[in-house]
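# Residue-level structure breakdown
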Amino acid sequence: MFDIPPYVYTVLTALRDAGHEAYPVGGCVRDCLMGRAPADWDVCTAALPEQVEAVFAGQRSIRTGVKHGTVTVLWEGRPVEITTFRTDGPYRDNRHPDTVTFVSSLREDLARRDFTVNAMALDSDGSVIDPFGGRADLEAGRIRCVGEPKARFGEDALRILRALRFASKLDFTVEPDTARSAVEDRALLDNIARERVFSELKGILTGPGAGRVLRDYAPVIFQIIPELAGSEGFDQKNPHHIHDVWTHSTMAVDAAPPEPVLRLTMLLHDVGKPETFFTDEAGVGHFYGHAEKGAEMADGILRRLRCDNATRERVCLLIHYHAIQPPQTPKAMRRLLVKVGEETVRQLLDCWRADCADRADAVLAADIPWGTLIGTAERILEELSTEPAPCFSVKSLAVNGGDILALGLSPGPAVGKVLRALLEEVINGEIANEREALLTRAKALLADR
Ligand code: ATP
Ligand code: MG
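Computed from a prediction, not measured in an experiment: that's the story for all the values here.

### Description of the side chain of threonine 116
One can find threonine 116 in the loop between helix H4 (106–111) and strand E8 (121–122). For threonine 116, the side chain forms a polar contact with the side chain of aspartate 137, separated by 2.7 Å.

Next comes the structure, spelled out in structure tokens:
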């Protein structure tokens, strides 16, 4: 069950041979007990950071957080985090302990850890050291705070989101006291750095339990993204939509491939609906412009959460286009490809599928089923991509910037403009993606300027 990799074993042995207690701890023990391969192996030890450095004097070690007792040793090129047993002093900012105190007992170290399933260590005889019932909680599929949930969330409010992240990632439930405190104390999340919040949010969204956790802990999610609160219970008064906007969004999250961009897109894709809602004379609800509005709101939300630019721009682009009809002709598909590029079109197909996953077929009987429209678009894209030398981006043109410069143009934005003009004609099927044809056409374009 515990297949300690040789590089970790060597690190443990080096510490033990120097007379220091040392144990694999936390996530790796949890993952092994669940039959999963741990992402990394953390070690805790009675040795003080200076002693750890002395043991590994011949190795490359990095003082990743000596103040908090962590030294990272690179063994055979792989990092092992070695952390001295410690307890955390008082927390004044709901996140960082004012002081940490190194201690000599493993039990005290396990007691400062967040959840019972993360508070187990592995003894040298292969037995599990489990003072807080982590193993039973693991078997029951349950996230439970070590100690009093209110106190633990008060110390470090990020643990509220960590609880949800583990519940989603491991597909676990949250023990009732822990769950109640997470919801009650959600306002403490306002004190946590936005990038930490965002990183946990991505973890929640990409786990197999994402949709369920979002629905069960909606108030916690609305604490970090208040713009979503209006979606809950929002009746769309439209026969195409059988769920309220929030429930629909959480189901769409589950239906999308588990990648941050796509799951963030589905979480936020309808955030513009409540603001753009109106009912017509027949009492049917509409949301004209909700995609553009949603893209604009998502941009603000993701900036506030310190999302990286590439992810933010991609999510906003997908939200902007999520409500268009999937292209039904090669020409319409080519036009979309010019506008957003092939990768985005492929992601849009995933979004369209996720967006209609909760629509009842019966409701759609009168329409062309949305799934058929998506299927047609997908088939057209495949046909276009299997054409000889498919070309949907400037990069795959048979000429490049250097070729255009060689025609006598001076460097500057005009070069890109010529390339894009060529691309558009290639995509529209007006000219072949062949070097000679493109050069001739480029000369003509330059002569026309
Ligand atoms: P993952 O597989 O996601 O990395 P992990 O359990 O290794 O899971 P980490 O965030 O890497 O999670 O943290 C390592 C260990 O440190 C945890 O298992 C837990 O024991 C402890 N820990 C981490 N963050 C906190 C925290 N905010 N409060 C208390 N203990 C924590
Ligand atoms: Mg880890």
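### So, the layout of surface pockets
Volume-wise, the largest pocket comes out at about 1200 Å³. The wall of the largest pocket is formed by 38 residues, among which Asp42, Glu81, Arg112, Arg113 and Arg162 lie closest to the centre. Within the residue set of the lining of the largest pocket, elements represented by two or more residues are helix H2 (27–33), strand E2 (42–45), strand E3 (60–65), strand E5 (78–84), strand E6 (86–88) and helix H7 (158–169). Tallying contributions element by element places H7 first for the lining of the largest pocket, with six residues. Residue composition of the lining of the largest pocket, grouped by class: 11 nonpolar, nine polar and 18 charged.

### Side note on the domain arrangement of the protein
Interface size is commonly expressed as the accessible area that is lost once the parts come together. Each assigned domain of the protein is listed with its residue range as follows: domain 1 (1–140) and domain 2 (394–447). Each of domain 1 and domain 2 has a C-alpha centre, and the two are 58 Å apart.

### Examining the site of ligand 1
Lining the immediate surroundings of ligand 1 are 15 residues, of which Arg30, Asp156, Arg159, Arg162 and Arg165 lie closest. A distance of 3.1 Å separates a nitrogen atom of ligand 1 from a polar atom in the backbone of aspartate 114. Taking aspartate 156, its side chain carries an N or O atom lying 2.8 Å from a nitrogen atom of ligand 1. For ligand 1, whose free accessible area comes to 580 Å², the fraction covered by protein is 77%. More than half of the atoms of ligand 1 fall within 2 Å of the grid points belonging to the largest pocket. Looking at the shell around ligand 1, the elements that each hand over two or more residues are H2 and H7. With five residues, H7 is the single largest residue contributor to the shell around ligand 1. Across the shell around ligand 1, the residue classes tally to one nonpolar, three polar and 11 charged.

### Some remarks on helix H17 (residues 330–340)
Those residues of H17 that sit buried are Met333, Arg334, Leu336, Leu337 and Val340. For H17, the angular spread of the buried residues around the axis is 165 degrees, confining them to a single face. Exposed positions of H17 whose direction lies more than 90 degrees from the buried face are Lys331 and Lys339. In this structure, the buried residues of H17 make contact with helix H16 (309–321), helix H18 (342–355), helix H20 (370–385) and helix H22 (413–427). Backbone geometry just downstream of H17 places glycine 341 in the positive-phi region, at approximately 90 degrees.

### Some thoughts on the pairing of strand E1 (residues 22–25)
Burial along E1 is two-sided: Ala22 and Pro24 facing one way and Tyr23 and Val25 facing the other are all buried. Inspection of the sheet shows E1 paired to E2 by four bridges, in the antiparallel sense. Residue pairing for E2: valine 25 is matched across the bridge by aspartate 42.

### Side note on the pattern of salt bridges
Considering all chains together, one arrives at 30 salt bridges under this definition. The shortest N-O distance in the salt bridge between glutamate 184 and lysine 150 comes to 3.0 Å. With glutamate 184 in helix H8 (residues 176–184) and lysine 150 in helix H6 (residues 149–155), the pair connects residues that are 34 residues apart, well separated along the chain. For lysine 150, a relative accessible area of 38% puts it in the partly exposed group. For arginine 314, the salt bridge identified is with glutamate 343, shortest N-O distance 3.6 Å. Linking arginine 314 in helix H16 with glutamate 343 in helix H18, this pair joins segments that are 29 residues apart in sequence. Note on glutamate 343: relative accessible area 52%, which makes it exposed. What emerges from the salt-bridge pattern is a single network uniting Arg95, Arg152, Glu155, Asp156 and Arg159.

### Focus: empty space enclosed by the protein
Counted by the stated rule, this structure contains one cavity of 30 Å³ or more. By volume, the largest cavity amounts to about 40 Å³. Class assignment for the residues of the lining of the largest cavity results in one nonpolar, four polar and three charged.

### Some points on the pairing of E5
Within a regular strand, side chains alternate between the sheet's two faces. With four bridges joining them, E2 and E5 adopt parallel strand pairing. Looking at the pairing, threonine 45 lines up with threonine 84 of E5. Inspection of the sheet shows strand E4 (residues 70–75) paired to E5 by six bridges, in the antiparallel sense. Of the residues in E5, the one forming a bridge with valine 71 is isoleucine 82. Joining the antiparallel neighbours E4 and E5 is a turn of two residues, in which glutamate 76 adopts a positive phi near 50 degrees.

### Brief notes about the packing of helix H15 (residues 290–304) against H16
For the pair H15 and H16, interaxial distance at closest approach is 8 Å and the crossing angle is 160 degrees. In terms of orientation, H15 and H16 fall into the roughly antiparallel class. Seen from above, H15 lies across H16 with right-handed handedness. Residues Ala291, Glu292, Gly294, Ala295, Ala298, Asp299, Leu302 and Arg303 of H15 touch H16, and the partners they reach there are Arg312, Val315, Cys316, Ile319 and His320.

### Some words on the packing of aromatic side chains
For the structure on display, the rule yields seven aromatic pairs. Ring geometry for tyrosine 23 versus phenylalanine 85: centroids 6.4 Å apart, planes at 20 degrees, classification stacked. Taken together, the positions of tyrosine 23 in strand E1 and phenylalanine 85 in the loop between E5 and E6 put the pair 62 residues apart, joining distant regions of the chain. In this structure, tyrosine 23 and phenylalanine 85 share a single accessibility class: buried. Between phenylalanine 56 and tryptophan 75, the aromatic rings sit 6.0 Å apart at their centres with planes inclined by 85 degrees, giving edge-to-face as the arrangement. Of this pair, phenylalanine 56 sits in the loop between helix H3 (49–55) and E3 while tryptophan 75 sits in strand E4; the two residues are 19 residues apart in sequence, bridging distant segments of the chain. In this structure phenylalanine 56 comes out as buried when scored by relative accessible area, which is 1%. On the basis of relative accessibility, which here comes to 16%, the residue tryptophan 75 falls in the buried class.

About the criteria used
- Residues numbered from 1 in each chain as written.
- Chains lettered and ligands numbered in written order.
- Predicted model: local features only at pLDDT ≥ 70, side-chain atom pairs only at ≥ 80, totals over all residues.
- Heavy atoms only, no water.
- Helix = DSSP H or I, 4+ residues; strand = E, 2+ residues; numbered from the N terminus.
- Polar contact = N/O pair within 3.5 Å; in protein donor to acceptor, adjacent residues only side chain to side chain.
- 1 Å grid on protein atoms, 1.4 Å probe; cavity = no way out; pocket = protein on both sides within 12 Å on 5 of 7 lines; lining within 4 Å.
- Points joined across faces, edges and corners; volume = space filled by probe spheres on them.
- Nonpolar A, V, L, I, M, F, W, Y, C, P; charged D, E, K, R; others polar.
- Domains from an automatic or database assignment.
- Near = heavy atom within 4 Å.
- Areas by Shrake-Rupley, 256 points an atom, 1.4 Å probe, with all protein chains shown as cover.
- Sits in = over half its atoms within 2 Å of the grid points.
- Buried < 20%, exposed > 50% of the residue type's maximum accessible area, 1.4 Å probe, protein only.
- Arc of directions from axis to C-beta.
- Contact = heavy atoms within 4.5 Å.
- Pairing = 2+ DSSP bridges.
- Salt bridge = Lys/Arg side-chain N within 4 Å of Asp/Glu carboxyl O.
- Axes fitted to C-alpha atoms, helices over the stretch in contact; angles between N-to-C directions.
- Parallel < 35°, antiparallel > 145°, perpendicular 65-115°, else oblique.
- Left-handed = near helix turned anticlockwise from the far one by under 90°.
- Phe/Tyr/Trp six-rings, centres within 6.5 Å; stacked < 30°, edge-to-face > 60°.

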